Amino acid sequence: MKTQQILSAVLFFTMVFNVPSQSQKWFDDAISFEERALLLIDAMTLEEKVTQFLNDSPAIPRLGISEYNWWNESLHGIARNGKATIFPQGIAMGATFNPNLIHDMATAISDEGRAKYKIAQAMGNKGLYAGLTYWSPNVNIFRDPRWGRGQETYGEDPFLTSKIGVAYVKGVQGNDPKYFKATACAKHFAVHSGPEELRHHFNAEPSKLDLYETYLPAFEALVTKGNVQGVMGAYNAVYGEPACSSEFLLDELLKKQWGFDGYIVSDCGALGDIMKGHKKVNTAEKAAALAMKAGVNLNCGWVYNNIKAAIDKGLITEALIDERLKQLLLIRFRLGFFDKEESNPYNEVKPEVINSDEHKNLARKVAQQSIVLLKNANNVLPLKKDIKNLYVTGPFSSSSNILIANYYGMSANLVTVLEGITDKVSLGTSLNYRQGVLPFSKNLNPLNWAPKVAGQVEATIVVVGISNEIEGEEVDAIASEFKGDRRDLKLPQSQIDYLKELYEYKKGPIIVVIGTGSPVSLEEIEPLADAIVCMWYPGEQGGNAIADVLFGDVAPSGHLPITFPKNVNQLPAFDDYSMKGRTYKYMFHEPLYPFGFGLSYSSSKFSNIQLNSQKLKLDDELRISVDLQNTGKTNFEEVVQVYLVPVDGPDYLPMYSLKGFERVQLDANETKTINFYLNSEDLKQVNVNGEKVWLKGTYKIIISNALPSERSVALGSSLPIQAQIKLK
C-alpha cells in the first residue's frame, strides 16, 4: 500500500510540475527509435504537437522534450557559433578534386560541432546555431558565374559535386550503426542558382533533359549514396509549383523514387513565399497545408504557426502531422537526445578538438590542394625564400575578410597572405608592404607611391579579389549593388587600374593572387601578370597555404571546378535556366580557362591507354588503365580526369561528361598505372524525356588533366590520350 502511495505521489508530482519520468517508454533505449517516436507522439496533445514544426522548437517538460533550435550551419566549418576552425569555402573544396580529404575535413567539422554542442548544453545555450542539425552542404550546380552564392557550391559539374557532397555528408554524420554524430542537409532543392533578387518568386522551367542531367544528380547521390538526413526546399518554383509545396519534388522524386526517409526543411521564409511571392494561395493556413501535404516537416519561418488553424479548417489532418512529426523526432532520437550520455559514443568527443592544431593543419592542407595555378610564364614560380627584396601589395594582401567567405565561423588564427609570406621568407629579405588601392573604389588621395615600389624589387605579389562583401546571399553582400550577384565578371575597376600602374613601373615579375568564390574575367589582367594564382576564399590558414605554394614547399595541385569565361558576353541570360551554352558540357565559346585546368611546378605525360573491351553491352563493365609519368624534377600531385565524349550521338548530348577522376601523388620522373572502372550506369545518357538510357553508338574515352580541349593544351595542360568504344 505504501509503495502504491509513493508511485501515486510521483505520478501526481510529474503531472502537476511537468517533470518527466525517465521510466517513460520513449526513454528506453532497448526498443527501436521508430517505436519510441510513436510512443512519444501518442503521449502528446495536439497543442503540443503543433509547436514542434518550427526551427525554434520549444520544450515540452512533462514529456522530457528539450527546447531545440534546428537551424545550424557548417558550410566550411561550424558557422555563426563562436570559435571553430574555418576551412576553405565550398568552391575551393571542389577545386581539390579530393573526396577523401573533404571527408576528413567534414569529420573534423562534426567533431568540433559535437564538442561545442556538449558545452552549450551544459551552460543552457539551446538557441540559434547551437544544435547538431547542419543545413549544409549546398549542392546546387554553379550554372552561371554571376550567382553570388555559387561560392558555396562545389562547382558546375554534377559528377564532381556528387562525389564531394557525399564525402562531406558521410564525414558530418559519422559511421556509428545507431547514432548520428550530426546531420547534414542537402540544399537548395531544386533548380536553384540565382538571380538572388528573383529567388522569392522566380519559376524555373528547365527541360527534362537539363533537370535530370544537371540539376538533380547531386541531390539523388546525397540521398541514395550519402544517406543525407535533411533536404532543404528552395525559394523558387519549379514548373509553376513552389519548391516547398511541390509534390513532384518532395514526394514523387525525393521519397518515392529515391527512398528519402529523413526530414525536409523549408528555406527560411520560403513557406511565406508560397503566399506572398508565388501567390499560390491567399492565407497562411493554406500555405501551411500545401507544404505539409507535399512533405515539409520543418518550417524555418512563421507559416507553421498556423498548423492548428489548418487542421481546424479541415485542410490537413492530425494523422498527417503525426507522420511529419515522427520524421523530426527520429532525427532527435538518432542524435541521442533521449538517451543516456554514455550510450552515444560521440559524446566522448573532447573540447580540445575545437580549432586544434590538427584541424588547423587540415585546413591548411585543404587550402593547399585547392589553390589553382593559372599562369606561370617562364617558371617565375616558385620564388626563392632568400629573395633579396620582395613587395607585397593589393587590397586584400593583409585582409582577413578575403579568407572567410560566407557562412563562416570565428577563429583567433586567421593568417593573411602578408602574414604567411612574412613567416616564409628569409629574415634577411627586405619585405615591403603597401595596400596600394581601395578594394572597390578609387583612392581618395590622388598621391600614391605604392605602384612605384614595384620598380625597386625582385618580385611583386599583388593580392586582388572580390570578397564576401561583393558576392554572397542577398541579405549579406553589403558592397553589392545587385543583392549579392554580379553583373559582369571583372574585378573592380580600381584594382584593374592599380595592376596597370604596377605593370608600368615593374622591375621583376608580377605575381597576381586572386581571392574569389567565382570565375573572374582576366582578359585585362592576364597580359599584365607573369603568374596568376587562384586561392579562392582559403579559410583561416589561407595565408600560410598560399605562401607554401608561392615558395615551393608545396606544388600547386588544384584544378578548376568551374569554367572561367573570357567575359560576361560569353554567357546566356542569367535568368535562363536552360543549360545551352553553359558549363564545359554545353559551352560553345572558347573560355579563358577551361574546367579541370590547373598547372603545377612539374608536368605529366599520359601513355599506354588500355581498355578491357571496345564493344560493350548493357551490364558490361568498362575497365580503363593508363600510364601517368611525372616528366619533371618536382614531386607533385596530379588530378587525372576521365571524360566520355559522344562521336555519333544525337546533338542534345553534352559535348563532354566527366566520368571519373583521381588525385595521384608522383615523385620526380615516377610513372604509375592508374585504373578506372565504369559500369553501365556510368555510361548511360539522359535523353530529352529525362530518362537515363543505354544509348547505342560510338564514344571516345579521353584521359587528361584538364578539359580535353585545344585551349587546355595551349595553356600548358598535358596532351590528352584517348580510346574509342562502341555501346551495342
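Please refer to the structure higher up on the page.
**Q** Whenever I open this one, the overall build of the protein confuses me. Can you help?
**A** Of the regular secondary structure elements, the protein holds 21 helices and 24 strands. On C-alpha atoms alone, the protein measures out to a radius of gyration of 27 Å, which is about the 27 Å that the 2.2 N^0.38 rule sets for 728 residues. In terms of overall dimensions, the protein has C-alpha extents of about 95 × 65 × 50 Å along its principal axes. Counting the 728 residues in the protein, one finds 62% classified as buried. For the protein, the proportion of contacts with a sequence separation of at least 24, taken over those separated by at least 6, is 78%. Looking at the protein as shown, the accessible area adds up to about 27200 Å², and 49% of this sits on carbon and sulfur atoms. Averaging the positions of the 74 positive and the 83 negative side-chain charges in the protein gives two centres separated by 1 Å.

**Q** Would you mind showing me how to read the pairing of strand β24 (residues 721–727) here?
**A** Look at any regular strand and the pattern is simple: side chains alternate between the two faces of the sheet. Residues Ile721, Ala723, Ile725 and Leu727 line the buried face of β24, whereas the alternating positions Gln722, Gln724 and Lys726 sit on a face that is not buried. With two bridges connecting them, strand β16 (residues 615–616) and β24 associate as parallel partners. Looking at β24, one finds that leucine 616 is bridged to leucine 727. Where strand β23 (residues 697–704) lies against β24, seven bridges are found, and the strand directions are antiparallel. Each bridged residue has a counterpart across the sheet, and for glycine 697 the counterpart in β24 is leucine 727.

**Q** Can you help me understand the sheet that holds strand β17 (residues 622–630) in this one?
**A** Across a sheet, strands are paired by hydrogen bonds formed along the backbone, either parallel or antiparallel in direction. With antiparallel pairing, the three strands of this open sheet are ordered in space as β15-β17-β20. Of all the strands in the sheet, just β15 (604–611) and β20 (671–678) have a single pairing partner and so form its edges. On average, each strand axis in the sheet is tilted by 25 degrees relative to the strand beside it, whichever way the strands run. Pairing of β15 with β17, which is carried by six bridges, proceeds in the antiparallel orientation. Looking at the pairing, glutamine 610 lines up with serine 625 of β17.

**Q** Just checking my understanding: could you explain helix α9 (residues 247–257) for this structure?
**A** By the burial criterion, the buried members of α9 are Leu249, Leu250, Leu253, Leu254 and Lys255. An end-on view of α9 places all buried positions within 160 degrees of arc, on one side of the element. In the stretch just after α9, glycine 259 is the one whose phi turns positive, near 75 degrees.

**Q** Looking at this model, I keep getting lost on the sheet that holds strand β18 (residues 636–646). Mind explaining?
**A** In space, the five strands of this open sheet follow the order β16-β24-β23-β18-β19, with mixed pairing throughout. Both outer strands of the open sheet, β16 and β19 (657–666), are each paired with one neighbouring strand and no more. Taken together, the six bridges between β18 and β23 define a ladder with antiparallel strand orientation. Residue tyrosine 643 lies in a different strand from β23, and its bridge partner there is isoleucine 702.

**Q** Mind showing me how you'd approach empty space enclosed by the protein here?
**A** One water molecule sets the probe size; rolling that probe over the atoms shows where empty space is left. Within this structure, the stated rule accounts for four cavities of 30 Å³ or more. As for the largest cavity, its lining consists of 14 residues, and the residues nearest its centre are Arg143, Pro145, Glu156, Leu571 and Thr583.

**Q** Is there a simple way to think about the side chain of asparagine 705 in this case?
**A** Residue placement: asparagine 705 occurs in the loop between β23 and α21 (710–715). Judged by relative accessible area, which is 5%, asparagine 705 ranks as buried. A distance of 3.1 Å separates polar atoms of two side chains, one belonging to asparagine 705 and the other to serine 718. When sequence neighbours within four positions are dropped, the list of residues in contact with asparagine 705 reads His559, Gly596, Ser604, Phe606, Glu638, Val639, Gln641, Ser717 and Ser718.

**Q** Sorry, what's going on with the pattern of salt bridges here?
**A** As a working rule, side chains carrying opposite charge can pair if their charged atoms are close by. Following the criterion strictly, the structure yields 37 salt bridges and no others. Across the pair aspartate 339 and arginine 36 runs a salt bridge whose closest N-O atoms are separated by 2.4 Å. In this pair, aspartate 339 sits in the loop between α13 (318–334) and α14 (357–370) while arginine 36 sits in helix α2 (residues 33–43), placing the two residues 303 residues apart along the sequence. By the burial criterion, aspartate 339 is buried, and arginine 36 matches it. The closest approach of N and O atoms between lysine 360 and aspartate 357, which form a salt bridge, is 3.4 Å. In this pair, lysine 360 and aspartate 357 are both assigned in helix α14, three residues apart and thus about one turn of the helix distant. In the salt-bridge network here, residues are joined through shared partners; they are Arg149, Glu152, Glu196, Arg199, Glu473 and Glu474.

**Q** Got a minute to help me understand the packing of helix α11 (residues 284–294) against α13 in this structure?
**A** Relative to each other, α11 and α13 sit at 60 degrees, their axes nearing to 10 Å. Judged on the interaxial angle alone, α13 and α11 are oblique. The way α11 lies across α13 gives a crossing that is left-handed. Here Met292, Lys293 and Ala294 of α11 lie close against α13, whose contacting residues are Leu320, Ile321 and Arg324. The class makeup of the residues in the contact of α11 with α13 is four nonpolar, no polar and two charged.

**Q** Could you clarify how one ought to interpret the state of the cysteines in this entry?
**A** Covalently bonding the sulfur atom of one cysteine to the sulfur atom of another cysteine gives a disulfide. Evaluation of the coordinates by the stated rule reveals one disulfide. Note that cysteine 268 is cross-linked by a disulfide to cysteine 300, the S-S spacing being 2.1 Å. Negative torsions about the S-S bond denote left-handed disulfides, and the value of about 85 degrees found for cysteine 268 with cysteine 300 makes this one right-handed. Of this pair, cysteine 268 sits in the loop between β8 (263–266) and α10 (270–275) while cysteine 300 sits in the loop between α11 and α12 (307–312), placing them 32 residues apart in sequence. Among the residues examined, cysteine 300 registers a relative accessible area of 2% and is labelled buried.

**Q** Help me out: how do you make sense of the packing of aromatic side chains in this one?
**A** By convention here, two paired aromatic rings are described through the distance between centres and the angle between planes. Counted under the stated rule, the structure contains 28 aromatic pairs. Chaining the aromatic ring pairs together yields one cluster made of Phe97, Phe159, Tyr584, Phe595, Tyr643, Tyr656 and Phe661. Positioned above the aromatic ring of tyrosine 577 is the side chain of arginine 143, whose terminal nitrogen or guanidinium carbon lies 3.8 Å from the ring centre. Above the face of the tyrosine 407 ring, lysine 187 is positioned so that its terminal group lies 4.9 Å from the ring centre.

**Q** I tried to follow the pairing of strand β5 (residues 230–233) on my own but got confused; where do I start?
**A** Going residue by residue along β5, you find Gly230 and Met232 tucked away on one face and Val231 and Gly233 tucked away on the opposite face as well. The pairing of strand β3 (residues 185–189) with β5 spans three bridges and is classified as parallel. Paired with cysteine 185 across the strands is glycine 230, a residue of β5. Of the strand pairs in this sheet, β5 and β8 are connected by four bridges, and their pairing is parallel.

Thresholds, definitions, all that
Residues numbered from 1 in each chain as written. Predicted model: local features only at pLDDT ≥ 70, side-chain atom pairs only at ≥ 80, totals over all residues. Heavy atoms only, no water. Helix = DSSP H or I, 4+ residues; strand = E, 2+ residues; numbered from the N terminus. Rg over C-alpha atoms; globule rule 2.2 N^0.38 Å. Buried < 20%, exposed > 50% of the residue type's maximum accessible area, 1.4 Å probe, protein only. Contact = heavy atoms within 4.5 Å. Areas by Shrake-Rupley, 256 points an atom, 1.4 Å probe, with all protein chains shown as cover. Lys, Arg positive; Asp, Glu negative; His and termini not counted. Charge placed at Lys NZ, Arg CZ, Asp CG, Glu CD. Pairing = 2+ DSSP bridges. Axes fitted to C-alpha atoms, helices over the stretch in contact; angles between N-to-C directions. Arc of directions from axis to C-beta. 1 Å grid on protein atoms, 1.4 Å probe; cavity = no way out; pocket = protein on both sides within 12 Å on 5 of 7 lines; lining within 4 Å. Points joined across faces, edges and corners; volume = space filled by probe spheres on them. Polar contact = N/O pair within 3.5 Å; in protein donor to acceptor, adjacent residues only side chain to side chain. Salt bridge = Lys/Arg side-chain N within 4 Å of Asp/Glu carboxyl O. Parallel < 35°, antiparallel > 145°, perpendicular 65-115°, else oblique. Left-handed = near helix turned anticlockwise from the far one by under 90°. Nonpolar A, V, L, I, M, F, W, Y, C, P; charged D, E, K, R; others polar. Disulfide = S-S within 2.5 Å. Phe/Tyr/Trp six-rings, centres within 6.5 Å; stacked < 30°, edge-to-face > 60°. Lys NZ or Arg CZ within 6 Å of the ring centre and 35° of its normal.

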